[in-house]
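Examining the three-dimensional arrangement
Chain residues, written in single-letter form:
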Amino acid sequence: MNGASRIVAVLGPTNTGKTHYAIERMLGHRTGVIGLPLRLLAREVYDKIVAIRGPSVVALVTGEERIVPPRTQYWVCTVEAMPEGMGTDFVAIDEIQLCADPERGHVFTDRLLRMRGTHETLFLGADTMRGPIAALVPQAQFARRERMSQLVYTGSKKISRMPPRSAIVGFSVENVYAIAELLRRQKGGAAVVMGALSPRTRNAQVELYQNGEVDYLVATDAIGMGLNLDVNHVAFSSLSKFDGRRMRPLAPNELAQIAGRAGRGMSDGTFGVTGEASPLDEGVAQAIMGSRFTPMKKLNWRNAALRFGSVDALIDSLEASPDNEHLVKARPADDLNALKSLAQVPEVAARASDGPSIRLLWDVCRIPDFRGISHAEHASLLESIFGHLHERGTIPEDFLARQIRRIDRTDGDIDALSKRLAYIRTWTYVAQRNGWVRDESHWRAETRAVEDRVSDALHECLTQRFVDRRTSVLLRRLKQKEALLAEVNDKGEVTVEGEFVGRLEGFRFIPDKSAQGTEAKALKSASLQALAPQFHLRADRFYNAPDTEIDFTDQGGLMWGEYAVGKLVAGAEPLKPMVEVFVDEAAGPEVEQKVQRRLQHFIDRKIAALFEPLLNLSRDEELTGLAKGFAFRMVEALGILPRAGVAQEVKDLDQDARGALRKHGIRFGQFTIFMPLLLKPAPTRLRLVLWALANGLQEFPEAPPPGLVTVPVAKGAPEGYDTMCGYRNAGERSIRIDMLERLADMLRAEDSRGGFEAKADMLSITGMTLEQFADLMQGLGYKAERGERTKIKPAQPTEQPPAATAEAPTETAEAEAQSDVAVAAEAPAEATDSTEVEAEATAADPASDEPEVEVFYTFTWGRQANRGPRGDQRQGRGKPGGKPRDGRGKPQGKKGGKPQGAKTFSSRPPKKEKAIDPDNPFAAALMGLKDGN
């Protein structure tokens, strides 16, 4: 030791500017070397000095990185990599309290005892080192530095309530990742800093935090070693750590080293606990705030005077005990354990037979176990490296290339990339050793390039997993109270500040489904604030949109293009529904009112256009008396009334009243009173929606396909559904009411008492087979008797009879066109001539002489009510207290009982005091019955 050099121990808590002071002192000398506890911190200090003096005079030496310019004046190193015997003017050792560390303490103690600058030596660290330094370095002077800001304990806080610019400390990789994932969901993300990261990955992660992209940092205790970050609060997620051998509680001075990272410069900081960590004892918290800790008594030591005469002699020298009461023998480190393992390998023992070989073996054993797989795996790798170096002097390039090539991949998850990064660090360390590879510059560049690629991939993977840039950006802008810029493309996709946040469907914002929990709430809050101007622009465009862009659904929804913007709700009257809009509350009442007015205008105009005849009927002030009352019934029933339900009202109407009603397009049919114009598909579709609203249905039934004459009976449909569709249930199928009236006109000319067979015109307008027609007739109240007979072959082919052309006087051309389309769609192929439509012929072998047999039906008026429960408005159906009916539609009464005829329409002669209604298509038949009786 040079007794003339100045030795100063600069001691004090964190945030006292000790490292900054050491840099200033070093640059005041011509040459100097500073030893730092982490390569991350070494890189940080190197960058600072390069910024001041330039890269040509500054070297960086760590186990895995070596930048040494030819004219180096200042050396920035990890403590383990500090060059000895340089004779520099200045030497500084940072975090000197690590002399007490069970794993690395012996290295720091060696530098305390043996490293000196020719002019000045600085030891930087905690005040607990004052006693050991005074005892081991008597000539040392002491300088006490006070913390530049206050550090206050704030107790326990949930992670969800953690203030911005906080660092949360975990002591395992799993713990760090779990906290980071939680912060991503709740706060938009966090940067991750661990000692195992490469400087490149660590710097990239720190940059995320420092530039404000994220407000939270999750780290191991590595941040306690001098890393300068803008941290306001430090929270411990645990108060114990695994030190390589066992779980142990952290000492108060260790907690203080980490907590002290809160508050930089003159800014005060706070610290506390979170997660499962229990609150600190009052005494411990006070000790940390006041920087009062138990002084250190013993420092870890390992003999530096090594003997290389034999492997056993080397091991003995490494295991020597100190002769100073302030020193304690360090526990066996990884390098000593590796040496002991390799000494048991016969081939290694044979090679390590002289001083240079033993020294080489020791250098190989000092390769750190970056991979951390197992002690045996590490020893096996070292054995291979030693064999190559001892046999060839260098590691073969093909061997080294294979090892690196296996690692040079950027696919996989965080764990896979972290393992590759640990593996490449081994070969980076090897390439940095002088003389171990033939082309040092090439392999140093090669390993550094692979490490950089894997580091970048790891940074990207960490960011993707633990940082939601979208939420982070939005929350930061909200916190800064800046106006957020939102854009909506033609597909409705919403971006805020360039980040996709969801979709705008009409006037409702649908957040991105990948966001969950607190993250989703934050995302929606920020997005809705940014979307406020978009809501107003969209409302203006909607208000001025033509009616052709708006429509209603069969379930009463109101659509603007493909987006639902509201729904219909029941009003005071069926023809006056109200509107409920789908508008986000954040859009504001002005937007909501504008959308509501536009939708109300749309549906009012739609009803006015499609139900114009009905509205004109309701507004006709010339109608009086019974006609006015009947008009009210028609409006209330949306233009369709089963005649059975209003038989008496119809009878009570005189001819003048009927004429007045006919002027509005009302047709008095045998089965239904209706307005033909309202049977078109568009009014029918809207009528069903209005009817369902007025009746409070939860699920609205859909309208039948347009243009069909008959459709299958809808099973389970609500009562009245067939009428609102413009159909009448009869048997297994329902028939359109206008076609039913045409059929009634045809039946008027038939002998319903003596019996008749179906004509081609009857089957043509219904589009049915004979069997289906028979079921329909039974549903209308007729009896159908099945019979068989020999088919009479026609003498010559006959032309197919034309479709029924008989048209009711009030039948519209539109209804006729619909029936023609329906006949073409539904008429069976066999109904092609008069013989075939009257009966179904059974197939016969053409070669057989047996006559063909055909099926036919004879129809007679049944006098009884309609059969079966399928029709809700058939003759006689719906009478309160009516008798139950069997499967054939017959009353279940006493045997021989008088059959019950339909109440409203029957074959009985009418009352003498009132003439038979000439509009009744069965007038002739009724008159014949009267005469017969």
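For the structure itself, look to the data block above.
What counts as what
- Residues numbered from 1 in each chain as written.
- Predicted model: local features only at pLDDT ≥ 70, side-chain atom pairs only at ≥ 80, totals over all residues.
- Heavy atoms only, no water.
- Pairing = 2+ DSSP bridges.
- Helix = DSSP H or I, 4+ residues; strand = E, 2+ residues; numbered from the N terminus.
- Axes fitted to C-alpha atoms, helices over the stretch in contact; angles between N-to-C directions.
- Contact = heavy atoms within 4.5 Å.
- Salt bridge = Lys/Arg side-chain N within 4 Å of Asp/Glu carboxyl O.
- Buried < 20%, exposed > 50% of the residue type's maximum accessible area, 1.4 Å probe, protein only.
- Parallel < 35°, antiparallel > 145°, perpendicular 65-115°, else oblique.
- Left-handed = near helix turned anticlockwise from the far one by under 90°.
- Nonpolar A, V, L, I, M, F, W, Y, C, P; charged D, E, K, R; others polar.

This part takes up the sheet that holds strand S24 (residues 557–560). In space, the 4 strands of this open sheet follow the order S23-S24-S25-S26, with antiparallel pairing throughout. One side of each edge strand has no neighbouring strand; the edge strands of this open sheet are strand S23 (550–552) and strand S26 (578–581). Each strand axis lies, on average, 30° off the axis of its neighbour in the sheet, ignoring direction. Looking at chain direction, strand S25 (residues 563–569) and S26 are connected through 4 bridges and run antiparallel. Within S26, the position partnered with Lys567 by the bridge is Glu580. On the sheet, helix H19 (residues 589–610) packs against S23, S24, S25 and S26 and is oriented at approximately 145° with respect to S26.

Evaluated as defined, the whole model comprises 51 salt bridges. A salt bridge links Glu347 to Arg351; its shortest N-O distance comes to 3.3 Å. In this pair, Glu347 and Arg351 are both assigned in helix H11 (residues 346–351), 4 residues apart and thus about one turn of the helix distant. Under the relative-accessibility criterion, Glu347 is labelled partly exposed at 46%. Arg786 is the salt-bridge partner of Glu788, the closest N and O atoms lying 3.6 Å from each other. What emerges from the salt-bridge pattern is a single network uniting Arg39, Glu64, Arg425 and Glu451.

Geometrically, a packed helix pair is captured by the angle between its two axes and the distance between the axes. Two elements in contact, helix H9 (residues 311–318) and helix H12 (residues 355–365), have axes whose closest approach is 10 Å; the angle formed by their N-to-C orientations is 50°. It follows that H9 is oblique to H12 by the angle criterion. By crossing handedness, the relation of H9 to H12 is classed as right-handed. Residue-level inspection shows Val311, Leu314 and Leu318 of H9 in contact with H12, the latter providing Ile358, Leu361 and Trp362. Considering only residue class, the contact of H9 with H12 consists of 6 nonpolar, no polar and no charged.

Burial analysis of helix H28 (residues 770–779) places 8 of its 10 residues in the buried class, the great majority of the element. Burial in H28 covers these residues: Leu770, Phe773, Ala774, Asp775, Leu776, Met777, Gln778 and Gly779. Directly beyond the C-terminal end of H28, a positive phi value near 110° is found at Gly781.

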